[in-house]
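Reading the structure
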Amino acid sequence: MGICIYCGTEGTLSPEHYLPDALGDFGTFQILEDRVCHACNNEIGSTVETQFLRTGPIGFFRWILGIEGTNGQTPTPFYRGAGGAPPILTYGRAPGQDTDLLWEIEWATLNAYPARQIVFNDPILGTVPLLITDRMMSDHTLLRPAALQRGIPDVALPHQAWARDDEMTALEDLVQHAYGQLPPTLWQTPPEPTGSAVTLATLVQVGPAFFRAIAKIVFHYALKVLPDLDGRRPEFERIREYIFHGAGGAGVVLELPRQFVGNFQAGERPQGWSHLLFVERTYQHIVGYAQFFVGPESLPFPFQVHIGRNPARLIRPTERHAHAFAINAIEGGGRPHGPVHDLHPMAHIVTPY
């Protein structure tokens, strides 16, 4: 029994994963009890966490590591956006090719193949690839507007196309309806897999829901590790409104230009994949930090979350809590799980920004 920190409903509240279970199963410590009602929990999950989990950098890492969702393999982030954010775009040049192409990555691997795309030829821009999304395959009226939005002039014409064998006829129909002709150079034979390394540059784009999800994770983590904290206090109204309604979010979540873990600042890397959460409570304020999919070959920038002023009126020593949610090895896709490491014994390695 309790009172929901968002809507004020009094009654039986819902257990809530402050770190979404789609990022891994880390046991009971991952669950926040008696703070959020079932309706608010579902609302946050559907409007805020969907984009966070299915596209952008989190969607990218979940895909290459083969982290499954509730219903198994997640929708590909290379053809579908989520929550208003566009699909992931990955550019690279295949051996023997003289132009950049768009690529997709095979589920749970680092194997890359040319994505479904049309390459336009323009006398000024040169060759420009355009991703053909699932929606465009089913609605040919979307192709020309998408090309214009990409900066491809309306006078530019399709020059080449890439698709799986079972998609070629549908892609031809798409080009025929949109441009009235099929150029003789349309189909390009994909390069033979040679095992060669291809250097790729990935563009991930996110919307406001991505940052609201980070605010929710860090705020709820603070409520977990600081159990005396009342999330309904007026000092936290700003972050609650930002999480639930997207209002007043300027400065709540910041992407930091350097690492907040001292070991990472010194150039060290973790041996396995993990997520890091950290909260600091001083007499004046409560600030949290989050870093997702930290690994031996990945050290993304962390996020800082301004939770609010400390509602306590007593001067007390600075209090810090930090945990690493370690992901055990994932073989061929699955739901990751692992232990939670309390970083308090090594608190000196975590340096507030």
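Residues numbered from 1 in each chain as written. Predicted model: local features only at pLDDT ≥ 70, side-chain atom pairs only at ≥ 80, totals over all residues. Heavy atoms only, no water.

**Focus: the nonpolar core**
The line we're drawing: Residues grouped as a nonpolar core are buried Ala, Val, Leu, Ile, Met, Phe, Trp, Tyr and Cys residues, joined through side-chain atoms within 4.5 Å. Here's how the labels work: a residue is buried when its accessible area is under 20% of the maximum for its type, exposed when over 50%, partly exposed in between, all with a 1.4 Å probe on protein chains only. To qualify as a helix, a DSSP run of H or I must reach at least 4 residues; to qualify as a strand, a run of E must reach at least 2; elements of each kind are numbered from the N terminus. Two residues qualify as a contact provided that any one of their heavy atoms is within 4.5 Å of a heavy atom in the partner residue.
Ranked by size, the top nonpolar core spans 59 residues in total, and within it Tyr6, Phe52, Phe292 and Ile307 carry the most contacts. Looking at this core, the elements that each hand over two or more residues are β4 (31-36), α1 (38-54), α2 (56-65), α6 (208-225), α7 (237-245), β13 (274-281), β14 (285-294) and β15 (303-309). It is α6 that provides the largest number of residues to this core, a total of 11 residues. When neighbours within four sequence positions are excluded, phenylalanine 292 is seen to be in contact with Leu19, Leu23, Phe52, Ile58, Ile214, Ile217, Ser274, His275 and Pro300. With 19 residues, the next largest nonpolar core counts Val128, Leu130, Ala161 and Tyr179 among its residues.

**Some thoughts on the environment of glutamine 160**
In this structure, glutamine 160 sits in strand β10 (residues 157-162). Since its relative accessible area comes to 15%, glutamine 160 is described here as buried. It is 5.0 Å that separates the C-alpha atoms of glutamine 160 and valine 119, two residues lying 41 residues apart in sequence.

**Describing the sheet that holds strand β6 (residues 101-105)**
The following threshold applies: The criterion for strand pairing is that DSSP finds at least two bridges linking the strands in question. Axis definition: a line fitted to C-alpha atoms, limited for helices to the stretch in contact. Angles are taken between N-to-C directions and run from 0 to 180 degrees.
Spatially, the four strands line up as an open sheet ordered β7-β6-β5-β11, and their pairing is antiparallel. Two strands in the sheet have a free side with no partner beyond their single neighbour: β7 (112-114) and β11 (200-203). The sheet shows a mean angle of 40 degrees between the axes of neighbouring strands, direction not considered. Relative to β11, strand β5 (residues 89-92) runs antiparallel, the two sharing four bridges. Within β11, the position partnered with glycine 92 by the bridge is leucine 200.

**Structural notes on the environment of phenylalanine 210**
Inspection of the secondary structure puts phenylalanine 210 in helix α6. Separated by 207 residues in sequence, phenylalanine 210 and isoleucine 3 have C-alpha atoms that sit 26 Å apart.

**Focus: the environment of lysine 224**
Residue position: lysine 224 is located in helix α6. Judged by relative accessible area, which is 24%, lysine 224 ranks as partly exposed. Once you skip the residues sitting within four places of it in the chain, lysine 224 turns out to touch Tyr18, Thr28, Phe29, Ile31 and Leu32.

**Focus on the state of the cysteines**
In plain terms, the rule: When two cysteine sulfur atoms lie within 2.5 Å, the pair is treated as a disulfide.
In this structure the tally under the stated criterion is zero disulfides. A disulfide-free cysteine, cysteine 4 has its sulfur positioned 3.8 Å from the sulfur of cysteine 40, the nearest such atom. The exposure class assigned to cysteine 4 is buried, which follows from its relative accessible area of 1%. Lacking any disulfide linkage, cysteine 7 is separated from the closest cysteine sulfur, that of cysteine 37, by 3.6 Å.

**Things to note about α1**
For the record, the criterion: Here a helix's expected span is defined as the number of its residues, less one, multiplied by 1.5 Å. The bend at a residue is defined as the angle formed between two axes, one fitted to the seven residues ending at that residue and one fitted to the seven starting there.
Over its 17 residues, α1 runs 22 Å from end to end, which matches the ideal 24 Å to within 8%, given 1.5 Å per residue. At valine 48, α1 shows its strongest bend, of approximately 45 degrees. When α1 is considered as a whole, its buried residues turn out to be Cys40, Asn41, Ile44, Val48, Glu49, Gln51, Phe52 and Leu53. Contacts made by the buried residues of α1 are with β3 (14-17), β4, α2, α6, α7 and β14. Just past α1, the residue glycine 56 takes up positive phi, approximately 65 degrees.

**Let's talk about the packing of α1 against α2**
Inclusion rule: For classification purposes, an angle smaller than 35 degrees is called roughly parallel, one larger than 145 roughly antiparallel, one from 65 to 115 roughly perpendicular, and anything else oblique.
Where α1 meets α2, the closest approach of the two axes is 5 Å, and the angle between their N-to-C directions is 55 degrees. By the angle between their axes, α1 is oblique relative to α2. Counted together, Phe52, Leu53 and Arg54 of α1 and Ile58, Gly59 and Arg62 of α2 form the full contact between these two elements.

**Observations concerning the packing of aromatic side chains**
Rules: The pairing test for Phe, Tyr and Trp rings, Trp by its six-membered ring, is centres within 6.5 Å, and the orientation test on the planes gives stacked under 30 degrees, edge-to-face over 60, and tilted for anything in between. Here, over-ring charges are defined by two tests on the NZ atom of lysine or the CZ atom of arginine: distance to the ring centre within 6 Å, and angle to the ring normal within 35 degrees.
Applying the stated criterion across every chain, the model contains 23 aromatic pairs. Both rings, one in phenylalanine 52 and one in phenylalanine 292, keep their centres 5.4 Å apart while their planes meet at 75 degrees; by these two values the pair is edge-to-face. Separated by 240 residues along the polypeptide, phenylalanine 52 in helix α1 and phenylalanine 292 in strand β14 bring together distant segments of the chain. Assigned by exposure class, phenylalanine 52 and phenylalanine 292 land together as buried. Here arginine 116 stacks its cationic end above the ring of tyrosine 79, 4.4 Å away from the centre of that ring.

**A closer look at α6**
An ideal rise of 1.5 Å per residue puts 26 Å on 18 residues; α6 measures up with 26 Å between its terminal C-alpha atoms. Burial of α6 is extensive: 15 of the 18 residues sit out of reach of the surface.

**Things to note about the pattern of salt bridges**
Put simply, the rule reads: Just to be clear on terms, a salt bridge is a Lys or Arg side-chain nitrogen sitting within 4 Å of an Asp or Glu carboxyl oxygen.
Inspection of every chain in the model, using the stated rule, returns 15 salt bridges. Taking the shortest distance from any N to any O, the salt bridge between glutamate 16 and lysine 216 comes out at 2.6 Å. Here glutamate 16 is found in strand β3, whereas its partner lysine 216 is found in helix α6, with 200 residues between them in sequence. When sorted by exposure, glutamate 16 lands in the same class as lysine 216, which is buried. Where aspartate 230 meets arginine 232, a salt bridge forms, and the shortest distance between an N and an O atom there is 3.2 Å. What you see here is one network of salt bridges that share partners, running through Arg80, Arg116, Asp134, Arg164, Asp166 and Glu167.

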